[in-house]
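Commentary on secondary and tertiary structure
Here's the letter readout for the chains.
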Amino acid sequence: MSSSSSHRSIDSDQPEITKVEVSEVKTEDQSSEETFEEAMKKVQSLDQGSEIPTNLPGGLLVDQHYTIAPEDLNVLLFSSDSNFLKSLADVQGSTELQVGPWKFEDGGESLKRLVTYVKAPSKLIKAVKAFEDQTYLKADGKNFAVFVVVSTPDVVYGSTFRVELLYTITPGPELPSGEQCSHLVISWRMNFIQSTMMRGMIENGARQGMKESFEQYASLLSQDVKPVDVTELSSSKEQALASLQAEPQSDWKLAVQYFANFTVVSTVFIGLYVLVHIWLAAPSIIQGLEFAGLDLPDSIGEFVVCAVLVLQGERMLGLISRFIKARAQKGSDHGIKAQGDGWLLTVALLEGSNLASAESGGFSDPYVVFTCNGKVRTSSIKFQKSNPLWNEVFEFDAMDDPPSVMDVEVYDFDGPFDSATCLGHAEINFLKANISDLADTWVPLEGKLAFACQSKLHLRIFLDNTRGATGNVTKDYLNKMEKEVGKKINMRSPQTNSAFQKLFGLPPEEFLINDFTCHLKRKMPLQGRLFLSPRIIGFHANLFGKKTKFFFLWEDIEDIQVIPPTFSSMGSPIVVITLRPGRGVDARHGAKTQDEQGRLHFNFQSFVSFNVAHRTVMALWKAKSLTPEQKVKVVEQESETKTLISEDSGSYLVLDDVSMSEIHSCSLPIPASFLMEIFSGGEVDRRVMENSGCLNYSYTPWVSENCDISERAVYYKFEKHVSSYKGEVTSTQQRSPLLDGKGWLVEEVLNLHGVPLGDYFNIHLRYQIEDLPPKAKGCRVSVFFGIEWLKNAKNQKRITKNILQNLQERIKVTFSLAEKELLPR
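Here the structure is a predicted model, which is why all the values come from computation and not from measurement.

Definitions and cut-offs
- Position numbers for residues count from 1 along each chain, tracking the sequence in the order it is written.
- Reporting of local features is limited, given that this is a predicted model, to residues whose pLDDT is at least 70; pairs of side-chain atoms are given and counted only at 80 or more, and all residues count toward the totals for whole chains, interfaces and linings.
- Hydrogens and waters are ignored; side-chain quantities use all the structure's heavy atoms.
- Strands here mean DSSP runs of E at least two residues long; helices mean DSSP runs of H or I at least four residues long; both are numbered from the N terminus.
- Per-residue accessibility, obtained with a 1.4 Å probe over protein chains only, is compared with the maximum for each type, and a residue is labelled buried under 20%, exposed over 50%, and partly exposed between these values.
- Contacts are residue-level and defined by heavy atoms, with any inter-residue pair within 4.5 Å sufficient.
- A pair of Phe, Tyr and Trp rings is counted when the ring centres sit within 6.5 Å of each other, with Trp represented by its six-membered ring. The angle between the planes then sorts it: under 30 degrees is stacked, over 60 is edge-to-face, the rest tilted.
- The criterion for strand pairing is that DSSP finds at least two bridges linking the strands in question.
- Between N-to-C directions, angles span 0 to 180 degrees; the directions come from axes that are lines fitted to C-alpha atoms, helices contributing only their stretch in contact.
- Along the arc lie the directions from the helix axis toward the C-beta atoms.
- Candidates for patches are residues over 30% relative accessible area with no salt bridge; among them, like charges are joined within 9 Å and nonpolar side chains (Val, Leu, Ile, Met, Phe, Trp, Tyr) within 5 Å.
- Surface accessibility follows the Shrake-Rupley procedure with a 1.4 Å probe radius. Residue values consider only the protein chains on display as shielding.
- By definition, a salt bridge exists where a carboxyl oxygen of Asp or Glu is found within 4 Å of a side-chain nitrogen of Lys or Arg.
- Under this rule, positive means Lys or Arg and negative means Asp or Glu; His and the chain ends count for nothing.
- In this description, the location of a charge corresponds to atom NZ of lysine, CZ of arginine, CG of aspartate or CD of glutamate.

**Let's talk about the overall build of the protein chain**
Scanning the protein chain from terminus to terminus reveals 17 helices and 32 strands. The proportion of buried residues among the 825 residues of the protein chain is 48%. Within the protein chain, contacts between residues separated by at least 24 positions form 63% of all contacts whose residues are at least 6 apart in sequence.

**Brief notes about the packing of aromatic side chains**
We describe a pair of aromatic rings using the distance from one ring centre to the other and the angle between the two ring planes. Tallying each qualifying case throughout the model produces 29 aromatic pairs. Relative to Tyr217, the ring of Phe84 lies with its centre 5.2 Å away and its plane at 80°, an arrangement referred to as edge-to-face. Note that Phe84 is positioned in helix α3 (residues 84-92) and Tyr217 in helix α4 (residues 199-224), a separation of 133 residues in sequence. Centroid distance Phe500 to Phe504: 5.8 Å. Interplanar angle 65°. Geometry classified as edge-to-face. Linking Phe500 with Phe504, this pair stays in helix α12 (residues 494-504), spanning 4 residues, or about one helical turn. Clustering of aromatic rings is evident, with ring pairs tying together Phe36, Phe78, Phe84, Trp102, Tyr136, Tyr167, Phe214 and Tyr217.

**Comments concerning the sheet that holds strand β11 (residues 375-378)**
Hydrogen bonds between backbone groups are what pair the strands of a sheet, and the pairing can be parallel or antiparallel. Taken together, the 4 strands give an open sheet; going across it, the order is β11-β10-β13-β14, and neighbouring strands pair in antiparallel fashion. In this open sheet, the two strands that pair with only one neighbour each are β11 and β14 (421-429). Averaged over all neighbouring strand pairs, the angle between strand axes comes to 20°, with direction disregarded. Relative to strand β13 (residues 405-412), strand β10 (residues 366-372) runs antiparallel, the two being bridged by 6 bridges.

**Considering the pairing of β10**
In terms of residue burial, β10 counts as a mostly covered element, since 6 of its 7 residues are buried. Pairing geometry for β10 and β11, over 4 bridges, is antiparallel. By the bridge assignment, Cys372 is partnered in β11 with Lys375. Linking β10 to β11, which pair antiparallel, is a turn of 2 residues; within it Asn373 sits at a positive phi near 50°.

**Overview of helix α1 (residues 36-46)**
Within α1, the full set of buried residues consists of Phe36, Ala39, Met40 and Val43. Relative to the axis of α1, the buried residues are bounded by an arc of 100° and lie together on one face. Opposite its buried face, α1 presents the exposed residues Lys41 and Ser45, each directed more than 90 degrees away. Those residues of α1 that are buried lie in contact with α2 (70-78), β3 (103-105), β4 (110-119), β5 (128-139) and β6 (144-151).

**Quick look at α12**
For α12, every residue scored as buried is listed here: Thr496, Asn497, Ala499, Phe500, Gln501, Leu503 and Phe504. Packed against the buried residues of α12 are β18 (525-532), β19 (536-543) and β20 (546-553). A positive backbone phi angle near 65° is found at Gly505, which sits one or two residues after α12.

**Considerations on the environment of Tyr367**
Here Tyr367 lies in strand β10. For Tyr367, a relative accessible area of 12% corresponds to the buried category. On a C-alpha basis, the gap between Tyr367 and Glu409 in space is 8.5 Å, while along the polypeptide they are 42 residues apart.

**Observations concerning the environment of Val274**
Turning to its location among the elements, Val274 is positioned in helix α8 (residues 262-280). Val274 sits in the partly exposed class, given a relative accessible area of 22%. Each C-alpha atom of the pair Val274 and Leu309 lies 9.3 Å from the other, and the pair is 35 residues apart in sequence.

**With respect to a nonpolar patch on the surface**
There is a patch of nonpolar side chains on the surface, built from Val268, Leu272, Leu275 and Ile278 and spanning about 390 Å² of accessible area. Following the sequence through the fold, Ile278 ends up in helix α8. Using a relative accessible area of 55% as the deciding quantity, one classes Ile278 as exposed.

**Here we look at a negative patch on the surface**
Together, Glu34, Glu37, Glu38 and Asp81 give the surface a local cluster of negative charge. Among the secondary structure elements, Glu34 is positioned in the segment before α1. According to the relative accessible area criterion, Glu34 is partly exposed, its value standing at 38%.

**Digging into the pattern of salt bridges**
Side chains bearing opposite charge may pair, as long as their charged atoms lie close to each other. Within the structure shown, the criterion is met by 20 salt bridges. Residue Arg583 is joined to Glu427 by a salt bridge in which the shortest nitrogen-to-oxygen separation is 2.9 Å. A residue pair is termed long-range when its members are at least 10 positions apart, and Arg583 in the loop between β22 (574-579) and β23 (593-594) and Glu427 in strand β14 qualify at 156 residues. Taking the relative accessible area as the measure of exposure, Arg583 reaches 26% and is therefore partly exposed. Across the pair Arg599 and Glu558 runs a salt bridge whose closest N-O atoms are separated by 2.6 Å. Taken as a pair, Arg599 in the loop between β23 and β24 (600-605) and Glu558 in strand β21 (residues 557-563) lie far apart in primary sequence, 41 residues in all. Judged by its relative accessible area of 23%, Arg599 is partly exposed. Each of Asp47, Lys138 and Asp140 takes part in salt bridges that share partners, so that together they form one network.

Structural data, given as structure tokens:
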């Protein structure tokens, strides 16, 4: 994707636009309304710095660069004074175009307008009226995002769906001509507000219609503004680097600049003064401890002068030595071309701004060190500069895998044998940064000195793959990993990879290798999925509507250990991943503990197939971060080879909130507080569950998240009459009081192990237990059920039906046993 990634979601539940009265919308006199420019300024003032929304999942209708400033393109497409919409309507044959004024709604928080027109008839449908509700999601002066909801209620099944469009306008790359460039991306999706049997036919028809319509849109727009040729953009790297000219450095000018300071001037002055004194003064007589050839100071004053001369001379010689050594370091690899075939990293160091000085009141002699994948590139030294100009280009030898991070450190040169003072540092994370944005960027430096001076470096960074298509790179990488893991790894579909990238905000070149259902162990086990790719290991969970998401780099991992099964791990081995000190700070909320050295520890357990997950994790870690000696040691420890079952036969889904439906309801002559004993963790809880077919029933104590909500984990096995597979269940339960305080709400998420396709779904249950009115005595129980699909499966309906029938029978038995256990009280 060309647009920046973001986790901001677009509300698709806006009220449907009806044709009642809307057809009477007329263009209002805008004399009393704000002008478009004033409205843009107001929206810009309200902008909170949010990121550009991600593209809609239906696909891209337009993805083109244009030779025009982003703000001018925004005016052309959306200004009330623009004739573009009228021209588009003429080209497409639309009539009765009415463009409403932009108005601030929702208390002045959102800028909206309504556009209506009659679409031209086609071979399949007659002329119908369309309504477009346009809303600005972002407008900060350079980036613009407009969300459009299109409603056509007059077409067949028109009341069941809406077409949603997202227009994003962002700055494009710098053009060789110096003109501004804009990047226009238009994406779309279908939003069905009612279920219909004709969904597939509607989507196919809409897709074809949208494609034809926006081909005309792009053609008309290209007549008003010049499109930028892709080949022109691809050569921008060479042109950007060719334009760099190193600052001319005359040794004489540098010497004058470097030595024009108080130390040198005072030393020269004192030296000349002493020489003139020696020439004028008469030779002194030999006295005291002196002898021929040895003339000692004759007073304290003379001794002080001698000491000053020695110290000044030493400093003078040190400056000369530093100058000679620094001139020899003119960039240790400037101009050396990269070798090999793969991922080629090119860094252009242009200039620095407000670089700190290690000595107060003076200037530093800065140089920059770039480190990526263990390779180091060093710039030349700039003498006595706080705003140095480098214009130097560095290339890293081609890498098999795309790099994850590049470290940038700025040092002050103090001599060849002295420890350099760090003036600031920065980290370029290629997974979090858009590579197109790095083509020309100012990087702020971190550190005490850099923060105080607000130091920055001007860089141009290019990352290219010389091996061609991404698909070939992915296939080669998977083939290499198959040998390490010892099993077949299926290549994921583009849709799956796109969803994975969107979930964690990753660049397009990052692809999913495998994903596993597991628990993240913190205070309580958190059920989710572990995602593995060449550069990251990520975790995502959606439990009780609370989403947890994080990832860290393979290079951040210091050690991976396996802890044998324990009672607290519900009989599952635990994979403990330890990060290096100070790394993975963004993922701290997912860590089990943090030790005294600042290392984060992550615990993962309850894998459906532990061997597959563990070997895949170890293989990816070895490939990315271990030294050859460590790789040999790990391979020796894992010499046992087993036949592994593939766990990636289905593609995972990006999870949303689960829809729940009531499957059981009954009234019991027991107070709600008594009935809650079947969730208390006591003997009644154990007897009821074991008698209902749950073997080896165990649980953790309830842990309070806050004053009202508490959680616990539960583990048990099915008896044979419940499930012929004798599967295992790990679940997480959350308990909270009802709002009126007259009952309890227990929410449960179950994960099945050891049953076919058990890793494809999670089961969600909600028990609502509330007291009946005092005269009725007892409580009412309502049980709600929902299923959360983690992977696509062809027979989802049959599986859901089978699970539902089994649950309804077990729930009836459970509450019947609870009534027998608790009624005598």
